[in-house]
Amino acid sequence: MFYGLVGSVLPIAVTIVTVPIYLSSIGLERYGVLTLFWLIIGYVGFLDLGIARAATNRLSQIRTDDRGKFRSTIITAFLASLAIGAALGLAMFLLLPSLFGALYARSPDLLREIAPSLGWIGLICPIVTSGGVLIAILEAEESYFQLNLQNTTSGVLMQILPLIAVIIFSPSVGVAIAAACIARIASFVWLLSICISRFEVMSAKFEFKILTSLLGYGRSITISNVVGPILVSADQLVIARLLGPAAVAQYAIPFNIAAKLTILPMAVSRVLFPRLSHLKHEDSTVLAERTIGPMAAVMALICCPMIIVAQPLLSYWLGRAMPVDYGLIVGLIVVGVWINALAIIPFSLLQAQGKQSLVAQCHLLELAPFIAVLWLSVSSFGLLGAAGAWTARVSIDALLLFRLSGSHRHALTAAAPMGLLVFGSFLAAALLPAGIPLYVLGSALSIALTVLYAALFEPALRDVASRAVRLTWSRS
């Protein structure tokens, strides 16, 4: 949990520092293009036919039983994901010019600047997919320190290296994208060296039987991996089509910062998933349910103050480049992030219990209604409509996942108090008059209520806090 917390804070801090410099160096429209590039690269990582998630599941089950099969599973998953990435790279090379041509038809000069750099995305696809398997290996081994160190460093490099490149060489999208790809390659080489040195995989053999097993588990996950990122990223694509590249940057900046808050629940998920896969059905359900309350409290501690102070902080940070109703937009997104953080728990539980087809069906059910509502919302209400549609979608997704996992009653009891505080913070930010004293008072009150609730009703968090205090006291 500590490593996950550090991994959450540092990328947010780097983003806060670098975004104003990006905007002054390459402008709002070019930064919007760069955020779409990051979005596409993240999406590619999910198009591995479920190999990475299947590898985590299988490796966590056999890691202490058969090291020979363990190493064969590693090499099979890695080579398969490399081949899948190469096929994806070819597809991206052929399709991306048409996609960006449709998105930026109203900005021909910017489109001409983007076009030469699209090949980088195709080249980086095999690195992204096979890198996902390397991460899966560390997850199965529960190497959380190395995993969080690597993920945090990679995220920071992806932010900083493009900025350095545009300052030194040229304020163009092509230079930024090339530098981001180099950062991703450096991260991959680091991961690969860790796995080769620790697991002695060079002598392992590729086995078609293992590949068949991985693909069998990953079949349903593939549907979620394809549809899930579309559900997450469709808002930015629709904004680009309807409102233009500058609006993408205006929306993506707060969305990306808020999304980085999910690094913490994702880190918890990485810890949970191998253990849930290893446990029996009843025990895994109990472990998942015990996580809901602490997750709700920790995320509320972060989200409530962020909702309340979003408007003044963003106005000071980014100035007049942002819409008047920016505070409401950010508040809605952060409410959605809090809900989505809880949904990660039943998502991991269902996949660990072999019920990944239920998750896939859930995502397929959401896709068409969400795209329709999103298009209408953006057309009618602009960026505020996009934020509202996204938060409504993740709320429905969370309800479905908890219901399918059988944890909905426990989730309602465990998360309701913090949910009321999160929604109360949003209403306070929306309705109360602006003023620094009120912002400070509201943030302090939300923090105090969250801490008080956790101290009284969440023994797991109370124990963690007690150990941290004792450790700090003993060192002093």
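Basis of the calculations
Residues numbered from 1 in each chain as written. Predicted model: local features only at pLDDT ≥ 70, side-chain atom pairs only at ≥ 80, totals over all residues. Heavy atoms only, no water. Helix = DSSP H or I, 4+ residues; strand = E, 2+ residues; numbered from the N terminus. Buried < 20%, exposed > 50% of the residue type's maximum accessible area, 1.4 Å probe, protein only. Contact = heavy atoms within 4.5 Å. Salt bridge = Lys/Arg side-chain N within 4 Å of Asp/Glu carboxyl O. 1 Å grid on protein atoms, 1.4 Å probe; cavity = no way out; pocket = protein on both sides within 12 Å on 5 of 7 lines; lining within 4 Å. Points joined across faces, edges and corners; volume = space filled by probe spheres on them. Phe/Tyr/Trp six-rings, centres within 6.5 Å; stacked < 30°, edge-to-face > 60°.

Residue-level account of the overall build of the protein, with values.
Helix and strand counts for the protein stand at 17 helices and 0 strands. Expressed as a percentage of the 476 residues in the protein, the buried residues total 53%. If you take every contact in the protein between residues at least 6 apart in sequence, the share linking residues at least 24 apart comes to 85%.

I'd love a proper account of the pattern of salt bridges, names of residues and values included.
All told, the structure shown has 3 salt bridges when counted by the stated rule. Put simply, Arg112 and Asp109 hold a salt bridge, and the shortest N to O gap is 2.2 Å. One end of the pair, Arg112, and the other, Asp109, are both in helix 4 (residues 108–114), 3 residues apart, so they sit about a helical turn from each other. The class for Arg112 is exposed, based on a relative accessible area of 55%. Residue Arg393 pairs with Glu366 through a salt bridge whose shortest N-O separation is 3.2 Å. With a gap of 27 residues between them, Arg393 in helix 14 (residues 383–405) and Glu366 in helix 13 (residues 356–381) connect regions that are remote in the sequence. With respect to burial, Arg393 and Glu366 carry one shared label: buried.

Describe empty space enclosed by the protein, with residues and values.
Going through the model one piece at a time under the given rule, you end up with 2 cavities of 30 Å³ or more. Put simply, the second largest cavity is a space of about 40 Å³. Along the walls of the second largest cavity sit Thr15, Tyr31, Trp38, Gln159, Ala252, Ile253, Asn256 and Lys260, which together make up its complete lining. For the lining of the second largest cavity, the elements supplying multiple residues, two or more each, are helix 1 (2–44) and helix 9 (245–260). A total of 4 residues in the lining of the second largest cavity trace back to one element, the largest contributor, which is helix 9.

Quick rundown of the environment of Thr262? Include the residues and the values.
Here Thr262 lies in the loop between helix 9 and helix 10 (263–278). Relative accessible area serves as the criterion here: at 17%, Thr262 is assigned to the buried category. Spatially, the C-alpha atom of Thr262 lies 6.1 Å from that of Ala341, the residues being 79 residues apart in sequence.

Can you tell me about the packing of aromatic side chains, naming the residues and giving the values?
Both the distance between ring centres and the angle between the ring planes are used here to describe each pair of aromatic rings. Applying the stated criterion across every chain, the model contains 7 aromatic pairs. Summarising the aromatic geometry, the rings of Tyr22 and Tyr31 are spaced 5.3 Å apart at their centres and angled 45 degrees between planes, so their arrangement reads as tilted. Owing to a relative accessible area of 0%, Tyr22 belongs among the buried residues under this scheme. Measuring from ring centre to ring centre gives 5.6 Å for Tyr251 and Phe255, while their planes differ by 20 degrees; the resulting arrangement is stacked.

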